[in-house]
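So the chains spell out like this:
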Amino acid sequence: MRTLYLHCGAPKTGTSFLQVLFARHADVLKENNIIYPHNSFTEGASKGKITSGNGILMANYLRPQLPHHIENKDIFIDDFDRMLREGEGKDFLFSSEFLVFPRNERTQRLVDVINGNGYNVKALYFVRDIADAARSAYSQQVKRHGEVKNFADFLKTWDGFALHHTNLIASAFGEDSLSLFNYGQHKEDLAKFVFRDFLGCDFDPDFHEKINRSLTDKEMDLLISFNSVAGDGNAFASTFVSDALMRMNDVSYDDFLPNEEEFEILDGKFSNAVKGLNRRIIGEPIRISKGVRGGSISQELSDFERFTMAVLAKLVNNSRNR
């Protein structure tokens, strides 16, 4: 039986990194009997740019409320049916962290098309320790959406919905379709693990560049100071500056540990979700956190640093308004 591979996330588990590899090595995948269909959302990936993966059209069909600019989100299902019918016996791979499978008629239609064309689903999903996932999500909000809240306040409303999303995968395609792994166990050899162990390719991509990396603690403090002047929620400004920071690849990270307040918030919200995820995980289980730190990791910015961020915020906003 032919296989439809679905790489569904979770966000901040190497998704952009893998999507760059899928796009760059689509020819190698095809040699291994796997088609990675290209579309407008994969154009920058082969050059190492952040993308949402080739599964974004599928994701927007399933959830038309997603904000991506697609003229007609409903035509995907007919194009998808035709793609599978004309697949010449090859497997297919779709990747996007936006892939969620609601219990509705659209998901059922997708399942019917997959089954009707004789495909079996293998869905790949990575999760990570909850504190790490939350910190990475927070970094993304600061980088791309102008977040100004502190981390503890962010945690009070954050939920990665990993358990819910994996439940939906199992509900749509069957429990055996889901391959759930701890990202922390595989992040050092992620490319090899996905290409060789999951996809079964006789190929090991030699690529170690960070794509869409998280901010360091110092960068986080600087960008929050910038966001507070540029305007809370000013996505254009925060993205403009964080893109420049992302080009500084020579950075090092310490393991993130929440403080006691942050740990209590996470433990209260996600202890049951961790248990549910660990019942499905293949390999090492995840935790709330690997430990708790004392005090804050925020660093007091100097007057000069705050002044620089304020001036930069004014310049970026003025350049956009011209």
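Residues numbered from 1 in each chain as written. Predicted model: local features only at pLDDT ≥ 70, side-chain atom pairs only at ≥ 80, totals over all residues. Heavy atoms only, no water.

- Under an unreviewed UniProt entry, the chain has the name Sulfotransferase domain-containing protein and belongs to Donghicola mangrovi.

Things to note about the pattern of salt bridges
- Counted by the stated rule, this structure contains 14 salt bridges.
- Asp74 serves as the salt-bridge partner of Arg106, at 2.9 Å between the closest nitrogen and oxygen. With Arg106 in helix H5 (residues 105-116) and Asp74 in the loop between helix H3 (56-62) and helix H4 (76-85), the pair connects residues that are 32 residues apart, well separated along the chain.
- Of the charged contacts, one joins Arg196 and Asp202 as a salt bridge, the two residues approaching to 3.5 Å between their closest N and O atoms.
- Take Arg196: its relative accessible area is 33%, and that puts it in the partly exposed class.
- Of the residues examined, Asp202 reaches a relative accessible area of 64% and is grouped as exposed. (Salt bridge = Lys/Arg side-chain N within 4 Å of Asp/Glu carboxyl O. Helix = DSSP H or I, 4+ residues; strand = E, 2+ residues; numbered from the N terminus. Buried < 20%, exposed > 50% of the residue type's maximum accessible area, 1.4 Å probe, protein only.)

Thoughts on the pairing of strand S5 (residues 178-182)
- Among the 5 residues in S5, 5 count as buried, and that is most of the element.
- Of the two faces of S5, the one holding Leu178, Leu180 and Asn182 and the one holding Ser179 and Phe181 are both buried throughout.
- Judged from the 5 bridges that link them, strand S4 (residues 119-127) and S5 form a sheet pairing that is parallel. Note that in S5 the partner of Ala123 across the bridge is Leu178. (Pairing = 2+ DSSP bridges.)

As for the side chain of Asn39
- Following the sequence through the fold, Asn39 ends up in the loop between strand S2 (34-35) and H3.
- Given a relative accessible area of 16%, Asn39 falls into the buried group.
- A distance of 3.1 Å separates a polar atom in the side chain of Asn39 from the backbone oxygen of Asn54.
- Leave out the neighbours within four places in its chain, and Asn39 touches Asn54 and Leu57. (Polar contact = N/O pair within 3.5 Å; in protein donor to acceptor, adjacent residues only side chain to side chain. Contact = heavy atoms within 4.5 Å.)

Observations concerning the packing of helix H6 (residues 130-145) against helix H11 (residues 217-230)
- Interaxial distance between H6 and H11 falls to 10 Å at its minimum, and their mutual angle equals 40°. The orientation of H6 relative to H11 falls into the category oblique. Crossing geometry of H6 relative to H11 is assigned as left-handed. In contact with Arg135, Tyr138, Ser139, Val142 and Lys143 of H6, H11 contributes Asp217, Met220, Leu223, Ile224 and Asn227.
- Across the contact of H6 with H11, the residue classes break down as 5 nonpolar, 2 polar and 3 charged. (Axes fitted to C-alpha atoms, helices over the stretch in contact; angles between N-to-C directions. Parallel < 35°, antiparallel > 145°, perpendicular 65-115°, else oblique. Left-handed = near helix turned anticlockwise from the far one by under 90°. Nonpolar A, V, L, I, M, F, W, Y, C, P; charged D, E, K, R; others polar.)

Quick notes on helix H1 (residues 15-24)
- The buried fraction of H1 is high, at 9 of 10 residues.
- Within H1 the residues assigned to the buried category are Thr15, Ser16, Phe17, Leu18, Gln19, Val20, Leu21, Phe22 and Ala23.

Describing the packing of aromatic side chains
- One pass over the full model with this rule turns up 20 aromatic pairs.
- Each ring, one from Phe92 and one from Phe94, has its centre 6.5 Å from the other, and the planes form 15°; the classification is stacked.
- Between Phe101 and Phe173 the ring centres are 5.0 Å apart and the planes differ by 80°, which places this aromatic pair in the edge-to-face class. Of this pair, Phe101 sits in the loop between strand S3 (91-95) and H5 while Phe173 sits in helix H8 (residues 162-173), and the two are 72 residues apart along the sequence. (Phe/Tyr/Trp six-rings, centres within 6.5 Å; stacked < 30°, edge-to-face > 60°.)

Structural notes on the nonpolar core
- In this structure, Leu6, Met58, Phe80, Phe101 and Leu110 are the most contacted members of the largest nonpolar core, which totals 67 residues.
- Looking at which element gives the most residues to this core, the answer is H6, with 7 residues. (Core = buried A, V, L, I, M, F, W, Y, C linked by side-chain atoms within 4.5 Å.)

Observations concerning the state of the cysteines
- In this structure the tally under the stated criterion is 0 disulfides.
- Free cysteine: Cys8, not disulfide-bonded; nearest cysteine sulfur from Cys201 at 17 Å.
- Classification of Cys201 by relative accessible area gives buried; the value is 3%. (Disulfide = S-S within 2.5 Å.)

Some remarks on unusual backbone geometry
- Gly9 connects to Ala10 through a cis peptide bond whose omega is 0°.
- Mapped onto the secondary structure, Ala10 falls in the loop between strand S1 (2-7) and H1.
- Residues other than glycine seldom take positive phi values, yet Lys12 does so here, at roughly 65°.
- Among the secondary structure elements, Lys12 is positioned in the loop between S1 and H1.
- A positive phi angle, near 60°, is found at Phe161, a position not held by glycine.
- Structurally, Phe161 is set in the loop between helix H7 (151-155) and H8.

What to know about the pairing of S3
- By the criterion of burial, S3 is predominantly enclosed, with 5 of the 5 residues buried.
- Burial along S3 is two-sided: Asp91, Leu93 and Ser95 and Phe92 and Phe94, pointing in opposite directions, are all buried.
- Pairing between S1 and S3: 4 bridges, direction parallel. Residue pairing across strands places His7 opposite Ser95, the latter belonging to S3.
- Strand direction decides the pairing type here: S2 and S3, joined by 2 bridges, are parallel. Within S3, the residue paired with Ile34 across the bridge is Asp91.

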